[in-house]
Amino acid sequence: MTALSAAKPNLLGLDRKAMRAFFEQIGEKPYRADQLLKWIHAVGVTDFSHMTNLSKPLRDALTHLAEITLPEVIYEKAAADGTYKWLLRLYDGNCIETVFIPEKTRGTLCISSQVGCILNCDFCSTGKQGFNRNLSTAEIISQLWVAVRKLSENGGKHDHIVTNVVMMGMGEPLLNVPNVVPALNLMLDDFAYGLSKRRVTVSTSGVIPAIYQLREETDVALAVSLHAPNDELRNKLVPLNKKYPLKELMAACRDYFKDDRRRSVTMEYVMLKGVNDQPEHARQLVKLLSDVKAKMNLIPFNPFPHTDYERSDDATIARFQHILMEADINTTVRRTRGDDIDAACGQLVGQVKDKTRRHQRYLNDAAKKVIGESV
Ligand code: SAH
Ligand code: SF4
């Protein structure tokens, strides 16, 4: 068994390929990787000494060479409708939130990919708090690890099972592809969580090169945060649109499932009163989507402190939906859930620790690089 030079790797964040490479590196057979994946993710064991099908010398060696560390669960909140929210504290004091939403036929976990977000969409409270850092693969997958264990502690009933994962918490997953892809691999891996590729969704505000890259590296479902039917309005709501405008975004969406005609991209559209919710917007959308296979998901806006936006009323949302349905665009309206625990999209704010001015300047420069102009 050879020693590793760097700091101890956290095995929680290794997908099957990386775990095999780790075991090869320490002079062990690659099938050990499969055993470790099962212990950590399927069984939930994080103490090497409890991994009974490994020899004692191997367990001792792993204790010296590696670690399995999780964030600390600071609190758990349960809403009246069965929604759960957990706040996790990371090793550096930053916090992230994870939400579980049970429905009749599925249980969806909403997870974060970054602490904060650099893209600064006008209607999003994550965007308003700035960006701090990317989450590691271990931190991304730990949200699923914690949810699975906490739900089984809380009864493990059929409505306490995670069947779906959506990357719709804090952050832009496609600005953290190197850490997000191995986490997706773990979600899909039969030795880990074994979720179906149709039930794992990456949501993006439209980082076009990364959409193409994602398509090369996995085949999970894709949701695109559209929010406006024309560039002028989208430039205001989603500043990233100035760098990656609608025409190119639609081309990337057309391409994403071109080898599997049965699947389609989901377009998310937050309903903002008097801003993007008028019949003319719906008609423009019909045109925009005329040659893209897409489903629409209308999201009633979740207000947060100091925002000027308001939620469209139900009748306006229904009228909007009707126009899209008339044009044969499959359109659903997202039900708001967990209202009593602030467990909605755009409200998973966690806490961004470092808010110094120097840091803010650094973030603004980084944002300029991403968006290509001043933000
Ligand atoms: N950054 C990614 C994923 C995280 S945001 C993205 O933008 O897609 C997940 C979803 O929540 C996005 O569709 C986002 O537009 C939406 N969202 C953000 N703030 C919201 C709010 N206040 N009310 C309703 N939906 C919101
Ligand atoms: Fe970032 Fe998504 Fe919020 Fe925009 S909507 S600021 S991309 S998290």
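Our structure is the block above this text.
Because the structure is predicted, anything quoted here is derived from the model rather than measured.

A. Inspection of the pairing of strand β9 (residues 221–225) at higher detail. Most of β9 sits out of view: five of its five residues are buried. The two faces of β9 match: A221, A223 and S225 on one face and L222 and V224 on the other face are all buried. In this structure, strand β8 (residues 200–204) lies alongside β9, joined through four bridges in parallel fashion. Note on β9: the bridge partner recorded for V202 is L222. Running through helix α7 (residues 208–217), the crossover from β8 to the neighbouring parallel element β9 is right-handed. Note that β9 and strand β10 (residues 265–271) share three bridges and pair parallel. Each bridged residue has a counterpart across the sheet, and for V224 the counterpart in β10 is M267.

B. Region of interest: the site of ligand 1. Looking at ligand 1, there are 21 residues lining it, with G171, S203, S225, H227 and E268 nearest. In this structure, an oxygen atom belonging to ligand 1 sits 3.5 Å away from a main-chain N or O atom of T204. Expressed as a share of its isolated accessible area of 530 Å², the protein-covered part of ligand 1 is 96%. Of the residues contributing to the shell around ligand 1, the split by class is 10 nonpolar, nine polar and two charged.

C. Representation of the site of ligand 2 in the model. Residues in contact with ligand 2, as listed here, are C117, L119, N120, C121, C124, G127, G171, E172 and S205. Residue classes in the shell around ligand 2 are distributed as four nonpolar, four polar and one charged.

D. Highlighting the side chain of Q143. With respect to the helices and strands, Q143 occurs in helix α5 (residues 137–153). Of the polar contacts made by the side chain of Q143, one reaches the side chain of T98; its length is 3.0 Å. In this structure Q143 touches L88, I96, E97, T98, L109, I111, S112 and L135, once residues within four positions along its chain are discounted.

E. Quick look at the sheet that holds strand β7 (residues 164–167). Taken in spatial order, the 10 strands line up as β1-β2-β3-β4-β7-β8-β9-β10-β11-β12 in an open sheet, and their pairing is mixed. Looking along the sheet, the strands with just one partner apiece sit at the ends: β1 (72–78) and β12 (331–333). Taking the axes of each pair of neighbouring strands and ignoring which way they run, one obtains an average angle of 20 degrees across the sheet. Judged from the seven bridges that link them, β10 and strand β11 (residues 294–300) form a sheet pairing that is parallel. Residue pairing for β11: M271 is matched across the bridge by P300. Seen against the sheet, α5 touches β1, β2 (84–89), β3 (95–102), β4 (107–110) and β7 and runs at an angle of roughly 130 degrees to β2.

F. Region of the structure containing the packing of aromatic side chains. By the definition in use, this model includes six aromatic pairs. Where Y269 meets F320, the ring centres are 5.2 Å apart and the plane angle is 35 degrees; that geometry is what we call tilted. Taken together, the residues span a long stretch of sequence, with Y269 in strand β10 and F320 in helix α11 (residues 314–326) at a distance of 51 residues. When the ring of F301 is compared with that of Y309, the centres are 6.2 Å apart and the planes differ by 75 degrees; the resulting orientation is edge-to-face. The class for Y309 is buried, based on a relative accessible area of 17%. Above the face of the W145 ring, R149 is positioned so that its terminal group lies 4.9 Å from the ring centre.

Analysis parameters
Residues numbered from 1 in each chain as written. Chains lettered and ligands numbered in written order. Predicted model: local features only at pLDDT ≥ 70, side-chain atom pairs only at ≥ 80, totals over all residues. Heavy atoms only, no water. Buried < 20%, exposed > 50% of the residue type's maximum accessible area, 1.4 Å probe, protein only. Helix = DSSP H or I, 4+ residues; strand = E, 2+ residues; numbered from the N terminus. Pairing = 2+ DSSP bridges. Right-handed = clockwise from strand over helix to strand, strands pointing away. Near = heavy atom within 4 Å. Polar contact = N/O pair within 3.5 Å; in protein donor to acceptor, adjacent residues only side chain to side chain. Areas by Shrake-Rupley, 256 points an atom, 1.4 Å probe, with all protein chains shown as cover. Nonpolar A, V, L, I, M, F, W, Y, C, P; charged D, E, K, R; others polar. Contact = heavy atoms within 4.5 Å. Axes fitted to C-alpha atoms, helices over the stretch in contact; angles between N-to-C directions. Phe/Tyr/Trp six-rings, centres within 6.5 Å; stacked < 30°, edge-to-face > 60°. Lys NZ or Arg CZ within 6 Å of the ring centre and 35° of its normal.

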